[in-house]
Amino acid sequence: MPSTDMDLIVHSAGRDDDLRLALEDLRMDRYLAAKGLLRETGYDWALRTSRSQVLAAGAANNRAIDTWYDEEPSDPDALMMWARVLTQRVLNASRAGLSGQRLIRAVNAASAACEAAATRWRADPVPHVCSLALAQTDIDERYPHKAVHWATPRDRMLQRGPWLILDRVNERDPYNREAYHRMLGVFHARGRGGGLGFAQWAASTALTGSPLKLLPHYAWVEIQRLQLEHGQRASVIAYWASADKAYYARQALYGWFAHIDPASSSLLDLNHMAHALTVTGEGHAGEVFEAIGPYATTAPWAMVTEKPQWWKSDFLSARRRALGVAGGCP
């Protein structure tokens, strides 16, 4: 693809045309396309997890999934999506400032839906991934929502958290991408600095070809976002110019990107990979930008700049520089 500027496609469905159609259906309060999509997805747990996450985000503000659940309350996909949507609504409300007993009641309702979905289809990891997401709202150990959210890890160097729930996901889908991102979200929400240590641990234990090799970069992006949010204007170059950030960028390049089919990989991961290689000065980002094509994602570009509205310009500028340099991942 040429290195000139291009029109960017920014859509939560990315290259997945079937998911795009299901989202359009949901936004018109219709669920049949989503139902058919999940049937077609079958036992591909990674795809089921990613597609259901996008569907829930698109359906959280309407009644399509509510209608499906009301009409087919024993359908395993309807139960799972009901848990997904209730979880998404809890997260949306929490970000909007809902707290106290109102938040706990919403969490409890979503937890009950997760338990029902997990019981209906015991092999499905998604209800347990939703339970991990709900743990992001449980941030004060003095007033815990659930004891299971504050379990002690086997590795005492890591912080207390919903490790038992992560175990349930791993029993069904080892190294489930979203599950580990949800765990990272828990530690970020608690604000005790445990997120980076968890991300580095996950990256070091993940198998070759796992997108979890990239998890430390997500942690560093979030740390920088918070610094910018709190008015800390440290040099971007200085922030990213460190041996550990460069090391994990290389680990993700050679331990993940070099082993994948980019066409079936997360666009969010590809965008983080391109960003990591760009800001650390490691180079070799050209092949990653080629894999992304026009499918940019807002994150991480808008999260690490003082001018979020200009993130597309930052993406295109980084892309032009990368494609102007020969070389790629061996």
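Residues numbered from 1 in each chain as written. Predicted model: local features only at pLDDT ≥ 70, side-chain atom pairs only at ≥ 80, totals over all residues. Heavy atoms only, no water.

Chemist: It is not clear to me how the pattern of salt bridges should be interpreted in this structure. Could you clarify?
Modeler: Pairing between side chains of opposite charge can happen when their charged atoms approach one another. Scanning the entire structure with this criterion turns up 22 salt bridges. Of the charged contacts, one joins Arg-30 and Asp-25 as a salt bridge, the two residues approaching to 2.8 Å between their closest N and O atoms. Among the salt bridges present, the one from Glu-115 reaches Lys-146, with a minimum N-O distance of 3.7 Å. Taken as a pair, Glu-115 in helix H6 (residues 100–120) and Lys-146 in the loop between helix H7 (126–134) and helix H8 (163–172) lie far apart in primary sequence, 31 residues in all. Residue classification places Lys-146 among the partly exposed positions, given a relative accessible area of 27%. (Salt bridge = Lys/Arg side-chain N within 4 Å of Asp/Glu carboxyl O. Helix = DSSP H or I, 4+ residues; strand = E, 2+ residues; numbered from the N terminus. Buried < 20%, exposed > 50% of the residue type's maximum accessible area, 1.4 Å probe, protein only.)

Chemist: What should I look at first to understand the nonpolar core in this one?
Modeler: Across soluble globular proteins, nonpolar side chains have a tendency to be buried as a group. In terms of nonpolar packing, the biggest core is built from 57 residues, with Tyr-180, Phe-198, Phe-257, Leu-270, Met-273, Phe-289 and Phe-315 touching the most fellow members. Here this core gets six residues from one element, more than from any other, and that element is helix H14 (residues 267–279). With 34 residues, the next largest nonpolar core counts Leu-37, Leu-38, Ala-83 and Val-85 among its residues. (Core = buried A, V, L, I, M, F, W, Y, C linked by side-chain atoms within 4.5 Å.)

Chemist: Explain unusual backbone geometry to me, please; I cannot follow it from the model alone.
Modeler: Leaving glycine out, the prevailing phi sign among residues is negative, and the prevailing peptide bond configuration is trans. Looking along the chain, the bond that leaves Ala-299 and enters Pro-300 is cis, with omega of 5 degrees. Checked against the element boundaries, Pro-300 lands in the loop between helix H15 (286–292) and helix H16 (311–323). One non-glycine residue, Asp-29, lies in positive phi territory at about 65 degrees. Here Asp-29 is to be found in the loop between helix H1 (17–27) and helix H2 (32–41). In this structure, Tyr-175 is a non-glycine residue whose phi angle is positive, near 60 degrees. Looking at the element boundaries, Tyr-175 is found in the loop between H8 and helix H9 (177–190).

Chemist: Explain the state of the cysteines here, please?
Modeler: Two cysteines whose sulfur atoms are joined by a covalent bond form what is called a disulfide. For the structure shown, the criterion picks out zero disulfides. Cysteine Cys-114 shares no disulfide, and the gap to the nearest cysteine sulfur, in Cys-130, comes to 4.7 Å. A relative accessible area of 2% places Cys-114 in the buried class. (Disulfide = S-S within 2.5 Å.)

Chemist: Got a minute to help me understand H1 in this structure?
Modeler: Every α-helix winds through 3.6 residues per turn, so residues three or four apart in the chain are directed the same way. Looking only at H1, the buried set comprises Leu-19, Arg-20, Ala-22, Leu-23, Asp-25 and Leu-26. On its buried face, H1 sits against H2, helix H3 (45–59) and helix H4 (64–71). Trailing H1 by a residue or two, Asp-29 shows a phi angle of about 65 degrees, which is positive. (Contact = heavy atoms within 4.5 Å.)

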